[in-house]
2 protein chains.
Amino acid sequence: MTTTQSESHVLSKSCQYALRAVVYVARHASSSHLIGAQEMAESLEIPKHFLSKILQQLTRNQLVSSTKGPHGGFYLNDVNELTTIDRIVEVMDGPGLFKACVLGLPECSSTHPCPLHFEVVEYRDGFYHKLKRLTVKELAQFVHKGQIHL
Amino acid sequence: MTTTQSESHVLSKSCQYALRAVVYVARHASSSHLIGAQEMAESLEIPKHFLSKILQQLTRNQLVSSTKGPHGGFYLNDVNELTTIDRIVEVMDGPGLFKACVLGLPECSSTHPCPLHFEVVEYRDGFYHKLKRLTVKELAQFVHKGQIHL
DNA sequence: CAAATAAAGGATATATGGGTCTTTTATTCG
DNA sequence: CGAATAAAAGACCCATATATCCTTTATTTG
């Protein structure tokens, strides 16, 4: 009797790492003091090379900024700080996530719904709109307060 | 520039298949007319052998009933029909899903929250409680109405 | 009982996300 | 300029979800 349970998750690990990294950068970096992938990987306990890949991807999509060389590293410019969380998710996990059917059907909408559609849309959409309204800057500020941790 | 987007999902494919299969059985099987994995796989366009495995797992956990041999197949007994959807999800994807942190942190709760915790708990919990209140029987009945499809 | 049927079960293959390693490019500083 | 530093980029490996195949067990029917 082998009870195999597949792992499932709302956000991919890459995306989770990306969000934590961005918040970390928002909190610890400034234009005069950049943060390296090394330090970030250690603090957040994320595999270094994997994190580098993720930061690359974020940089390419202009969600974080970087410079090479000594004292180089990552930081957020004024535009980056106003990135909304849904953008990061979109870049990492693709645009399909917030539109996808719970049951995995290719066609599922209010005009052609799966049996679960009307039962659960509100949670998917609510989640989406929340992330759409939340900026990196705001999210990072939460960390100051109370017991909030990364 | 390789923009790798990992696919993410709330429910694993196995779980999605499981839910669709159970609803299919609820709608098409009766104690006098069982449904075979073959027919189900074709109708739902799910790989047959993979579906068989899933049905096995559901049967072992007594969420569906089955008999072997000619005219054998799957059906739901009175108890099976009252299974709530969250049970199926739990059996397929494990119990962790509805408790898991969005950011993947091992410790995350209202007393020790991640930055996103209070922003999104309501959607995770709302989703969970919805599935907890919904039975297979009820879900299957939705399919009768309107344009709902599997 | 024998043959046929279909689920149960186990072993194995494939695809993908996750993770590692090495080389190249850009930048800083002595 | 040359050495050191750190990101960018590409190749590669590993674990797991997904998918397939084959054998065994149970049940029905002639």
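Up top is the structure.
Residues numbered from 1 in each chain as written. Chains lettered and ligands numbered in written order. Predicted model: local features only at pLDDT ≥ 70, side-chain atom pairs only at ≥ 80, totals over all residues. Heavy atoms only, no water.

As for the protein's contact with DNA strand C
Thought 1: Around DNA strand C sit 29 residues, and of these Pro47(A), Phe50(A), Pro70(A), Lys53(B) and Gln56(B) come closest.
Thought 2: Counted by atom, the contact set of DNA strand C within 4 Å of the protein is 63% sugar and phosphate.
Thought 3: Between DNA strand C and Lys68(A) there is a distance of 3.3 Å, counted from a sugar or linking oxygen to a side-chain nitrogen or oxygen.
Thought 4: Residue Pro70(B) places a main-chain N or O atom 3.4 Å away from a base oxygen belonging to DNA strand C.
Thought 5: Mapped onto the surface near DNA strand C, the elements with two or more residues apiece are α1 (13–28) and α3 (48–60) of chain A together with α3 (48–60), β1 (65–67) and β2 (73–75) of chain B.
Thought 6: Among the elements that take part in the surface near DNA strand C, α3(B) stands out by supplying four residues, more than any other.
Thought 7: Along the lines of polarity and charge, the residues of the surface near DNA strand C split into seven nonpolar, 15 polar and seven charged. (Near = heavy atom within 4 Å. Polar contact = N/O pair within 3.5 Å; in protein donor to acceptor, adjacent residues only side chain to side chain. Helix = DSSP H or I, 4+ residues; strand = E, 2+ residues; numbered from the N terminus. Nonpolar A, V, L, I, M, F, W, Y, C, P; charged D, E, K, R; others polar.)

Comments concerning the layout of surface pockets
Residue and element names in this part refer to chain A.
Thought 1: In this structure, the second largest pocket spans a volume of roughly 240 Å³.
Thought 2: Secondary structure elements with two or more residues in the lining of the second largest pocket: α3, β1 (65–67) and β2 (73–75).
Thought 3: Considering every element that reaches the lining of the second largest pocket, the biggest residue donor is α3, with three residues.
Thought 4: Residue classes in the lining of the second largest pocket are distributed as two nonpolar, nine polar and one charged. (1 Å grid on protein atoms, 1.4 Å probe; cavity = no way out; pocket = protein on both sides within 12 Å on 5 of 7 lines; lining within 4 Å. Points joined across faces, edges and corners; volume = space filled by probe spheres on them.)

Remarks on the protein's contact with DNA strand D
Thought 1: Around DNA strand D there are 31 residues in total, and Lys53(A), Ser66(A), Pro47(B), Phe50(B) and Pro70(B) lie nearest to it.
Thought 2: Within 4 Å of the protein, the atoms of DNA strand D are drawn from sugar and phosphate moieties in a proportion of 63%.
Thought 3: One of the backbone nitrogen or oxygen atoms of Ala37(A) is found 3.1 Å away from a phosphate oxygen of DNA strand D.
Thought 4: A distance of 2.9 Å separates a base nitrogen of DNA strand D from a polar atom in the side chain of Gln56(A).
Thought 5: Among the secondary structure elements, those contributing two or more residues to the surface near DNA strand D are α3, β1 and β2 of chain A together with α1 (13–28) and α3 of chain B.
Thought 6: Considering each element in turn, the surface near DNA strand D owes the most residues, four residues, to α3(A).

Points about the environment of Glu45(A)
Thought 1: Examined against the element boundaries, Glu45(A) turns out to sit in the loop between α2 (37–44) and α3.
Thought 2: Considering only alpha carbons, one finds Glu45(A) and His144(A), 99 residues apart in sequence, at a separation of 20 Å.

Comments concerning the pattern of salt bridges
Residue and element names in this part refer to chain A.
Thought 1: Tallied over the entire structure, the rule returns 10 salt bridges over all chains.
Thought 2: Its salt-bridge partner being Glu 90, residue Arg 87 comes within 3.8 Å of it at the nearest N-O pair. Here the residue Arg 87 and the residue Glu 90 both occupy positions in helix α5 (residues 85–93), the gap between them amounting to three residues, near one helical turn.
Thought 3: On the basis of relative accessibility, which here comes to 32%, the residue Arg 87 falls in the partly exposed class. (Salt bridge = Lys/Arg side-chain N within 4 Å of Asp/Glu carboxyl O. Buried < 20%, exposed > 50% of the residue type's maximum accessible area, 1.4 Å probe, protein only.)

Overview of the interface of chain B and chain A
Thought 1: Facing 52 residues of chain B, the contacting portion of chain A comprises 52 residues.
Thought 2: Across the chain B to chain A interface the summed buried area is about 4600 Å²; carbon plus sulfur atoms make up 62%.
Thought 3: Broken down residue by residue, the surface that chain B buries against chain A is led by Pro115(B), Tyr123(B) and His149(B), which jointly contribute 14%.
Thought 4: If you look at where chain B meets chain A, you find two salt bridges.
Thought 5: Note that Glu119(B) and Lys130(A) form a salt bridge whose closest N and O atoms lie 3.8 Å from each other.
Thought 6: In this structure, the connection of chain B to chain A is made through 23 residue pairs in polar contact (both at pLDDT 80 or more).
Thought 7: At the level of secondary structure, the elements contributing two or more residues to the side of chain B that touches chain A comprise α1, α3, α5 (85–93), α6 (117–133) and α7 (136–142) of chain B.
Thought 8: Taken together, the residues that form the side of chain B that touches chain A break down as 26 nonpolar, 18 polar and eight charged. (Contact = heavy atoms within 4.5 Å. Buried area = accessible area lost by both parts, 1.4 Å probe.)

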